[in-house]
Amino acid sequence: KQIGYRLRWHENGMIADSITNLNDSVKVQYSWFDNGVMASGGYLLNDKGYQKWKYYNPFGALTAVVQYEKGKAVSKEYYNTDGTVLADTSDTEAVFTKGGSAGWRKYLERAVAWPGRLRLVNTDRVTVGVEFTINEQGRVTDVKINTPFHPDIDRAAIQAIENSPKWVPARQFNRNVKQKLRQPLIFAQPE
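The shown structure was predicted, so the numbers you read here are calculated from the model rather than taken from an experiment.

(A) Local environment of helix H1 (residues 100–111). The end-to-end C-alpha distance of H1 is 16 Å, a good match for the 16 Å that twelve residues give at a rise of 1.5 Å each. Listed in full, the buried residues belonging to H1 are Gly100, Gly103, Trp104, Tyr107 and Leu108. The buried residues of H1 occupy an angular sector of 135 degrees when the element is viewed end-on, so they sit on one face. Seen from the buried face of H1, the exposed residues on the opposite side, beyond 90 degrees, are Ser101, Lys106 and Glu109. Buried-residue contacts for H1 involve strand E9 (95–96), strand E10 (125–134), helix H2 (151–162), strand E12 (167–168) and strand E15 (179–188).

(B) Expanded view of a nonpolar patch on the surface. On the surface, a cluster of nonpolar side chains totalling about 360 Å² of accessible area is made up of Tyr5, Leu7 and Trp9. Within the secondary structure, Tyr5 is located in strand E1 (residues 5–9).

(C) Representation of the sheet that holds strand E3 (residues 26–32) in the model. Pairing is antiparallel across the open sheet formed by eight strands, whose spatial order is E1-E2-E3-E4-E5-E6-E7-E8. Strands at the two margins of the open sheet, each flanked by one partner only, are E1 and strand E8 (85–86). Sheet analysis places strand E7 (residues 72–79) next to E8, joined by two bridges and oriented antiparallel. Paired with Tyr78 across the two strands is Leu86, which belongs to E8.

(D) Representation of the environment of Ser164 in the model. Counting through the fold element by element, Ser164 comes out in the loop between H2 and E12. Of the residues examined, Ser164 reaches a relative accessible area of 12% and is grouped as buried. In sequence terms Ser164 and Val37 are 127 residues apart; their C-alpha atoms lie 30 Å from each other. When residues no more than four places from it in sequence are discounted, the contact partners of Ser164 are Phe96, Trp104, Tyr107 and Val140.

(E) Structural detail: unusual backbone geometry. For Asp142, which is not a glycine, the phi torsion comes out positive at approximately 50 degrees. If you trace the backbone, Asp142 turns up in strand E11 (residues 140–147). On the basis of relative accessible area, Asp142 is assigned to the partly exposed category, the value being 48%. One non-glycine residue with positive phi stands out, namely Phe173, at about 55 degrees. Accessibility expressed as a relative area gives 11% for Phe173, which makes it buried.

(F) Geometry of the pattern of salt bridges. Throughout the structure, instances matching the rule amount to seven salt bridges. Here Arg6 makes a salt bridge to Asp17, at a shortest N to O gap of 3.2 Å. Pair noted here: Arg6 is in strand E1 and Asp17 is in strand E2 (residues 15–21), with a separation of eleven residues, a long-range link. Arg6 gets classed as partly exposed once you look at its relative accessible area, which sits at 33%. By relative accessible area, Asp17 is classed as buried at 4%. A salt bridge links Arg8 to Asp17, with the shortest nitrogen-to-oxygen separation between them at 2.8 Å. For Arg8, a relative accessible area of 46% translates into the label partly exposed.

Parameters at a glance
- Residues numbered from 1 in each chain as written.
- Predicted model: local features only at pLDDT ≥ 70, side-chain atom pairs only at ≥ 80, totals over all residues.
- Heavy atoms only, no water.
- Helix = DSSP H or I, 4+ residues; strand = E, 2+ residues; numbered from the N terminus.
- Expected span 1.5 Å × (residues − 1).
- Buried < 20%, exposed > 50% of the residue type's maximum accessible area, 1.4 Å probe, protein only.
- Arc of directions from axis to C-beta.
- Contact = heavy atoms within 4.5 Å.
- Patch = residues over 30% accessible without salt bridge, like charges linked within 9 Å, V, L, I, M, F, W, Y side chains within 5 Å.
- Areas by Shrake-Rupley, 256 points an atom, 1.4 Å probe, with all protein chains shown as cover.
- Salt bridge = Lys/Arg side-chain N within 4 Å of Asp/Glu carboxyl O.
- Pairing = 2+ DSSP bridges.

The following block contains the structure:
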């Protein structure tokens, strides 16, 4: 059982978040971007959002105020950079810029290539699982194989994902955010 407080840091050494226990069920959480600017702050009740939370962009401007009850957002206000209230309070997933899901499939069909010198005997298809992040600028980062097969195929899978064109980044609380994705890639051995 956690007592006191917890701190986490970004890879660059800047503080990422802090959680302070006020009592057995209520905590205060603050988070910061890796440039040291506050990203969000609010209360947790039994580890779920509680009361009013404020969200900021990497430049320190308020982007959203969200009211929580029983861990669920019951009201949201999103703000323009000039402080005026926005009518749209929707959050979005990352989207492949060139044609959405269908465009992503077409890109992968062209980008996934069988390594030339590798030959398999008992099968002609291999599936490799890849995990990656779309960052706040819409670029692919942190590409990792989570279901490996063979080093040559694993390298080809990583290269296909890393060479991806830009994406439209995910948006949450009226700001661009990172989104982790998983993608199975099917390699077909040429005849």
